[in-house]
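# Summary of structural features
This is what each chain is made of:
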Amino acid sequence: MNLYLDIETIGTSDPAVIERVTASIKPPANYKKPEAIEKWWAEDGGAAKQEAVARTAFDGTYGRIVCIGYAFDNGTVKTVCGVNESSLIQEFYSEVSTHSEGRSMNVVGHNVVAFDLKFLWQRSVVNGIRPPACLNFKVKPWDSADTMTMWNTEKRISLDNLCAALKIPTPKGEMGGSKVGQAFADGKYQEIADYCAGDVEAVRQCYRKMTFAA
């Protein structure tokens, strides 16, 4: 059974984690004079700290999942989205267990091994949630149904560009991965869910075309 998967993540909001992440921020090494360092902190230090916090959205050590989009084989694309990360992970795993019926899942996604599966496993550990046995988190990119590495093992390609190459409607609109954090802060959960669902459907179409199943 194919499980088409995509997750949306945001950076940490935990003050303790923010303090830990930003503690390593320093001016560029070529800034030697005290006045130059002071000026950098005044003009660029705040932005550097904000960027460091925003980057935690790519690291399951600190960031968190706010939406999971998925579909089984040719089934309807579904999403679970919300503020309670533990609950949405558990809901997703419950759906996976129900549909697997003891069978292993062939997880399909774009950069799914290096990002989605890794992040999901990390957050499962952090939240103390045991994943269903049918999900293989130890799969290698070259042995997986990862549409990015299937297309080119040596060079990254965005889902948007892959869709363009395969003449598949792009899921990218006004919403994008970089905007999820602000959208979540604004309570735009449905917009995030729709964006995530669009990626899942695009991945499914790409995979089917790449495996000549379309």
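In short, a report on the structure. (Residues numbered from 1 in each chain as written. Predicted model: local features only at pLDDT ≥ 70, side-chain atom pairs only at ≥ 80, totals over all residues. Heavy atoms only, no water.)

### Topic: the pairing of strand β3 (residues 78-81)
- Note: strand β2 (residues 64-72) against β3, four bridges, orientation antiparallel. Paired with cysteine 67 across the strands is cysteine 81, a residue of β3.
- Linkage of β2 to β3, two consecutive antiparallel strands, is achieved through a turn of five residues, within which aspartate 73 is found at a positive phi near 50°. (Pairing = 2+ DSSP bridges. Helix = DSSP H or I, 4+ residues; strand = E, 2+ residues; numbered from the N terminus.)

### A word on helix α2 (residues 34-54)
- Taking 1.5 Å per residue as the helical rise, α2 with its 21 residues ought to reach 30 Å, and the 28 Å between its terminal C-alpha atoms agrees with that figure.
- Of all the bends in α2, the greatest, near 60°, is centred on aspartate 44.
- Residues of α2 that are buried: Trp40, Gly45, Ala48, Ala52 and Val53. (Expected span 1.5 Å × (residues − 1). Bend = angle between axes of the 7 residues up to and from the residue. Buried < 20%, exposed > 50% of the residue type's maximum accessible area, 1.4 Å probe, protein only.)

### Section: helix α8 (residues 189-210)
- The end-to-end C-alpha distance of α8, which contains 22 residues, comes to 32 Å, matching closely the 32 Å that a straight helix rising 1.5 Å per residue would cover.
- Within α8, the full set of buried residues consists of Ile192, Ala193, Tyr195, Cys196, Asp199, Val200, Ala202, Val203, Arg204, Cys206, Tyr207 and Met210.
- Phi turns positive one or two residues past the end of α8, at phenylalanine 212, with a value near 60°.

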